[in-house]
Structures are given as structure tokens and as C-alpha cells.
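Analysis of the macromolecular model
For reference, the chains in residue letters:
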Amino acid sequence: MTNKILKTRNVRLYYGEKEALHGINLSYEPTGINALIGPSGSGKSTYLRTLNRMHDLTDYVTVNGTFTFKGQDIYAPNMDVVELRKEIGMVFQQPNPFPFSIYDNVAFGIRISGEKDKAILDERVETSLKQAAIWDEVKDSLHKSALSLSGGQQQRVSIARALATQPQVLLLDEPTAALDPVSSHKVEDTLMSLRDQYAMIIVTHSMSQASRISDQTAFFMDGHLVEVNATKKIFMNPDKQETQDYISGRFG
Amino acid sequence: MNAKQADKVATIVLYVIAGSVILILAALLGYILIQGVPHLSWHFLTAPATAFTAGGGIGVQLFNSFYLLFITMLISFPIALGAGIYLNEYANQKSRLTGLVRTAIEILSSLPSVVVGLFGFLLFVVQFKLGFSILSGAIALTFFNLPLLTRSVEESLRTIPNLQREAGAALGLSRWETVVHIILPAALPSIVTGIVLSAGRVFGEAAALIYTAGQSAPALNFADWNPFNVSSPLNIMRPAETLAVHIWKINSEGIMPDAAAVSAGASAVLIIAVLLFNFLARYLSNSLYKRLTATK
């Protein structure tokens, strides 16, 4: 159990006085896809956002627990959040490219950290777009606005943008929920092709998506982690009755 | 009367109301333009005004109006931008202080402009000894303009979805970097629209200027661009009657024989300028938006 890249222990999160996450213990291998499933309001997105300190932006939210990323405490006072978020990238539910060109979108994170060398930028943009499986569709229009792309393409550009800073962990908050089935499928293919290089943590409402692409699945309910196991085990033969009920569609 | 008939009646009534609004606007514009446009000529637009003889122009007043507008924007835009960014991006939306600031802005925007003018007169012209000057006028107009401009900057920023802020944060940008590199560029088209529209309002303002920028337009030497010379157009300490003030003055105490014609011509110029500002706002916002979002 020493080769885990990211470990969280006893994660509790409070909105004001109200406890919304009741002690979550989860850890992640350096590669592979981890699915977080559960009904709406079960706390899976909330938990995901603790991993790159996105709750720092929100007032009245307190996060407790131990978060260890490559042996470092994520919430340590001397942690450089900028560096942290370069290593733990994030993709959101709605595709959210900036209103700039495709190239500028992908190069954004690297430029902000001070890279000016055109050759390096070009190389990194191309690699990231290839990794996100969108290069062939946009290579002739890199300087077109990213907003002119379709939703599915925008989402893959958002993935490329997150990959460009060379993260080790990728957080995905329902990345296909706003997309049509064909686009969803393409994004799923993209994620599958990245599973050997990154630790990916994906929040999803789609049980079939979780079972198709993930290696490990965690089932959340009411701010509790009910069960975590190999995806096959969770879907074939879960330990808990609640998990069984949820995946068989009896509620949620 | 059943629901269907009631709907029909309501539709007709609403059409009539909307139609009469347009009709009033068209009549007003038409009257001013028909009265004024025949007096327009290159000479009228460039010659200095005369006090007692016919044939005077509005050259100095026209220049003053634009220059005063420019100085006003120079003072008010940075403040409005800062205030707008603070209110929308930084301020705790639930705190009392933010509410207080918003209320203050609202009150400031509802002050009658003549009161702002008199306040400017007492404080800047008399107390700070700035005299009747472009600077006094610009500060008074800043009071008048600031609330509207701040509001429009704030609204522009508010339309940028939170997703963009989160995307910035997820890439490791600080709040300030997100504002500068993502939010402001994305909000630029609507901020520009706000500036140009408020420019139109400032351009036509008279009451706030009568007691601050003054009612006299000393002859300007357009060959002298040293801002410290008295007759230089760039001097901000000189009194400067603007076009709107000029119209008011001709109509209240003008004694030149062609006062009516000058007034009509000046009004037409004023209206045309304000209309141009509005069209410019629309054009700029469309073309900026296209440049930012559509294909190049």
C-alpha cells in the first residue's frame, strides 16, 4: 500500500456548522481510473473538490482530514496551491474553454507559469491535444476560437488544457454529463487511452460509464463512503446491501 | 369577455403603447434634426462662437465637449473598473459593507445632476480653488458618471460564468490572475459598450457643468499644444463651456441675431453625437465579441 500516489484519511467537510462529508478514507494508485458514484447530493463532487483545494474559493467551507499527495500534506500551510493544481488537474461538467483560441487555451497554464519559448509551447500544445484525442480535428484551426467547437470537442480541449501542465492526477467532475452520447463516447475513449499514464478520479452519474471505464469504484451516500472496491466486484457482487440497491436502480 | 378576447385587447393596447413610444422618439429626433441640420456647415462646426453678431460657430464648444468627456473618462474609468472588480470578484456578497457600498452607489446615481453641479461648485471651484475649469467639470461629471459606470462594469463581470473562474483556479491561477487574464478579456465587449453608452450620457450633460466647467469659452489657439498655456486646448485649468451648456445659455440669454439657428444647429450636432455613441457601442461590442469568439 506504499505506492499510492494520493491518500485521503478521515475527510470531513463542513458548510458552516453542518457536516457534509463524514470521514472519507480513499487512496489511489498512480495510474488507472477511479469512479466515484452515488445519488445526487451524496457528496462525491464535494469530496472531489477537496483534492485540489477548490473549496478554498468558497467562504464558510471547512475541510478536515489528512490528504497526502506524494508524501506531502496538501493542506499544509506552506503548500503552493499553484504548483499543486498543476500536478492535480481538473476537468468540469460543463466544457469551459476560455474565450481564446484553441492554442491559447491549451498553452494557458504553461504560459502562466512563465514558459515563453515558442518551440516548447508548440510541442506541449500538440502533445496535449494528441493525448486528448482531438489533435486531428483541430490541427488546421488551432487559432480559431475554442468557443466555435462543438460541446464534445470543447470538453476534449478542456482535457488537453488540464494535461498541458503535465499533471499526475486528473480530477473529472461528471465530464460527460453535458454531452450527447457520441461526444461522451469520444471523451470516454480519451480517458481510456490515458489510464496507463495518469491517476484519474471521475465523478459520474452514469453507472454504465463507471462499469465500462473504471478500475476502482467508490459508492457514496449521504456524505458517507459506503463501499470501495474493484469495479468488477462492486458491480457483480457488492458487500453492502445499499450498493446492491443503488446499482440495480432501486433508488437514486 | 373570455380569455382569448382579453388577450387580443391586451395585445392591441401594448402595441399602441409601444408604438406611441417610438412615435414620440421619432418626432423628437425628426424635429431637432429637421430644424438643425440645415444650419450645419464646416464653418459652423469649426468657427468660434460670437456673442453679438450672426455667423458664429460652435467649434470651441464642440472641442470642449469631447475633451471634457475624455478627461472625465480618464478619471472615472479606472475607479469604476476597480470598484466593479471589487464588488463582483472580491467582496463578500453577504457582508454589510458590500450592501452599504451598493446602496451608496445607488444613491449617488439618483442624485439630481444640478445638485452634483452645485456641490462641485462649492467644493472644487470655491474650496479647492480650482476655479471654473475642465478639471472641476470633469470631477463633477465623475460623480455623475461613476455609479453608472461601476454598475455597468459589475454587470459585465457578473455575466461571465463561474465556470471560467473555476477553470482558472483549477489551472493554478490566483484570483487576481484569473481576473486579469480570463475574466476581463471575456468581459471586454460589454465593458466597452458600457463605457461608450455612459460617454453618450456624459456628453449631453449640462446642469452639472454650468457651475463647474463654467459658461465661457475663451478662444483657443489650436496651434498651441502645451497644456500649461492659457489658450492651449489641452489646458485643464481653463473654463470650458460645452455644447450642452452652450445650448442652454443661448436659449436663456443669447443676444446674437441668429440665436435660434445656432441653438437648433448645436442641438442637432449634440443629438447626432449621442446617436453615434450608441451606434458605436453596438458596433464595437459586436466586433469585439466576434474577434474573441468566432473564427478569425
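Conventions adopted
- Residues numbered from 1 in each chain as written.
- Chains lettered and ligands numbered in written order.
- Predicted model: local features only at pLDDT ≥ 70, side-chain atom pairs only at ≥ 80, totals over all residues.
- Heavy atoms only, no water.
- Helix = DSSP H or I, 4+ residues; strand = E, 2+ residues; numbered from the N terminus.
- Rg over C-alpha atoms; globule rule 2.2 N^0.38 Å.
- Buried < 20%, exposed > 50% of the residue type's maximum accessible area, 1.4 Å probe, protein only.
- Contact = heavy atoms within 4.5 Å.
- Pairing = 2+ DSSP bridges.
- Axes fitted to C-alpha atoms, helices over the stretch in contact; angles between N-to-C directions.
- UniProt positions renumbered as here; feature names shortened; annotations may be inferred.
- Parallel < 35°, antiparallel > 145°, perpendicular 65-115°, else oblique.
- Left-handed = near helix turned anticlockwise from the far one by under 90°.
- Nonpolar A, V, L, I, M, F, W, Y, C, P; charged D, E, K, R; others polar.

Digging into the overall build of chain A
Counting its regular elements, chain A contains ten helices and ten strands. For 252 residues, the compact-globule formula gives about 18 Å, and the C-alpha radius of gyration of chain A, at 18 Å, lands near that figure. Its C-alpha atoms put chain A at 55 × 45 × 35 Å along the principal axes. Buried residues in chain A amount to 56% of all 252 residues. Of all intrachain contacts in chain A linking residues separated by at least 6 positions in sequence, the fraction that spans at least 24 positions is 67%.

Quick word on the sheet that holds strand β7 (residues 169-173) of chain A
All names here are of chain A. Taken in spatial order, the six strands make up an open sheet running β6-β7-β8-β3-β9-β10, and their pairing is mixed. Two strands close off the open sheet at either side, each with one partner strand: β6 (88-91) and β10 (224-230). On average, each strand axis in the sheet is tilted by 15 degrees relative to the strand beside it, whichever way the strands run. The pairing of β7 with strand β8 (residues 199-203) spans five bridges and is parallel. Of the residues in β8, the one forming a bridge with L170 is M200.

What about helix α7 (residues 162-170) of chain B?
The buried fraction of α7 of chain B is high, at seven of nine residues. Turning to α7 of chain B, its buried residues are Q164, R165, E166, A167, G168, A169 and A170 of chain B.

Comments concerning the UniProt feature "domain: ABC transporter" (unreviewed entry) in chain A
The feature "domain: ABC transporter" (unreviewed entry), as given by UniProt, occupies residues 6-247 of chain A in the numbering adopted here. Split by type, residues 6-247 of chain A is 38% helix and 27% strand. Its first and last C-alpha atoms lie 26 Å apart.

Points about the UniProt feature "domain: ABC transmembrane type-1" (unreviewed entry) in chain B
Those residues carrying the UniProt feature "domain: ABC transmembrane type-1" (unreviewed entry) are residues 62-281 of chain B in this numbering. End C-alpha to end C-alpha, residues 62-281 of chain B measures 20 Å, and it is 73% helix and 0% strand.

Regarding the packing of helix α3 (residues 102-112) of chain A against helix α6 (residues 151-164) of chain A
Residue and element names in this part refer to chain A. Between α3 and α6, the shortest axis-to-axis distance is 7 Å and the interhelical angle comes to 30 degrees. Here α3 is positioned roughly parallel relative to α6, judged by the angle of their axes. When you trace α3 past α6, the crossing you get is right-handed. Two secondary-structure elements touch here, α3 through I102, N105, V106 and I110 and α6 through V157, A160, R161 and A164. Taken together, the residues that form the contact of α3 with α6 break down as six nonpolar, one polar and one charged.

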